[in-house]
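# Residue-level structural notes
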Amino acid sequence: TALPSNFTLTKLVGFPPPPAPEPVCNVDFAALFSGDKILFDTNRAVIKSESFPLLDRLGEGLASCEGARIEVGGHTDSQGAASYNLQLSEARARSVVEYYVGKGIDTVNLSAKGYGETLPIATNANRAGRAQNRRIEFKILSDG
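Description of the structure in this document.

## Describing the sheet that holds strand E1 (residues 69–75)
In spatial order, the strands read E2-E1-E3; together these 3 strands make up an open sheet with mixed pairing. Bordering the open sheet on either side are strand E2 (110–116) and strand E3 (135–142), each of which pairs with just one other strand. Taking the axes of each pair of neighbouring strands and ignoring which way they run, one obtains an average angle of 25° across the sheet. In the sheet, E1 pairs with E2 via 6 bridges, with the strands oriented parallel. The partner of His75 across the bridge, within E2, is Gly116. Sitting on the sheet, helix H3 (residues 82–102) touches E1, E2 and E3, and the angle it makes with E2 is about 160°.

See below:
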């Protein structure tokens, strides 16, 4: 049919936006911990051997995240000097990364960071809370 004289016809062709890329790493590291903790010798960055099965389970997650940048974060309770706790948490996070280097896992995108006592998840006023605050966490920084 004819358009009124004050109208014009323009054809617009649209394309749907491209689908979002699939994430390189969709591992739930918190779930892989399954309530377990990476244990260290007291006041040291030496990983206790009973933590090796947990580290191996987490390593399987790391292996499926090729190209993703992942941070291994070390945390402490508030007992002792803050500067010491920061150094200890950093050393423990580095020990975890070094464990994976020894296992042949590509660690080029794996970084270690110590947070010391700055990010508690529980109270430091009692033994149970302090135990929760002493931890290692894996955080996906980017999917690469």
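## Topic: helix H2 (residues 52–63)
For H2, spanning 12 residues, the distance from its first C-alpha to its last is 16 Å, which sits close to the expected 16 Å at 1.5 Å a residue. Every buried residue of H2 is listed here: Leu54, Leu55, Leu58, Gly59, Gly61 and Leu62. Looking straight down H2, one finds that the buried residues subtend no more than 155° of arc, so they occupy a single side. The outward face of H2, more than 90 degrees from its buried face, is lined by the exposed residues Pro53, Glu60 and Ala63. In the core, the buried residues of H2 are packed alongside helix H1 (29–33), E1, H3, E2 and E3.

## Here we look at the nonpolar core
Membership of the largest hydrophobic core comes to 23 residues, with the highest contact counts inside it found for Phe29, Ile38, Ile70, Val96, Tyr100 and Phe138. Counting only elements with at least two residues in this core, the list comes to H1, H2, E1, H3 and E3. Ranked by residue count, the leading element in this core is H3, at 5 residues. Excluding residues within four positions of it along the chain, Ile70 makes contact with Cys25, Phe29, Leu62, Cys65, Asn109, Leu110, Ser111, Phe138, Lys139, Ile140 and Leu141.

Quick notes on the rules
- Residues numbered from 1 in each chain as written.
- Predicted model: local features only at pLDDT ≥ 70, side-chain atom pairs only at ≥ 80, totals over all residues.
- Heavy atoms only, no water.
- Pairing = 2+ DSSP bridges.
- Helix = DSSP H or I, 4+ residues; strand = E, 2+ residues; numbered from the N terminus.
- Axes fitted to C-alpha atoms, helices over the stretch in contact; angles between N-to-C directions.
- Contact = heavy atoms within 4.5 Å.
- Expected span 1.5 Å × (residues − 1).
- Buried < 20%, exposed > 50% of the residue type's maximum accessible area, 1.4 Å probe, protein only.
- Arc of directions from axis to C-beta.
- Core = buried A, V, L, I, M, F, W, Y, C linked by side-chain atoms within 4.5 Å.

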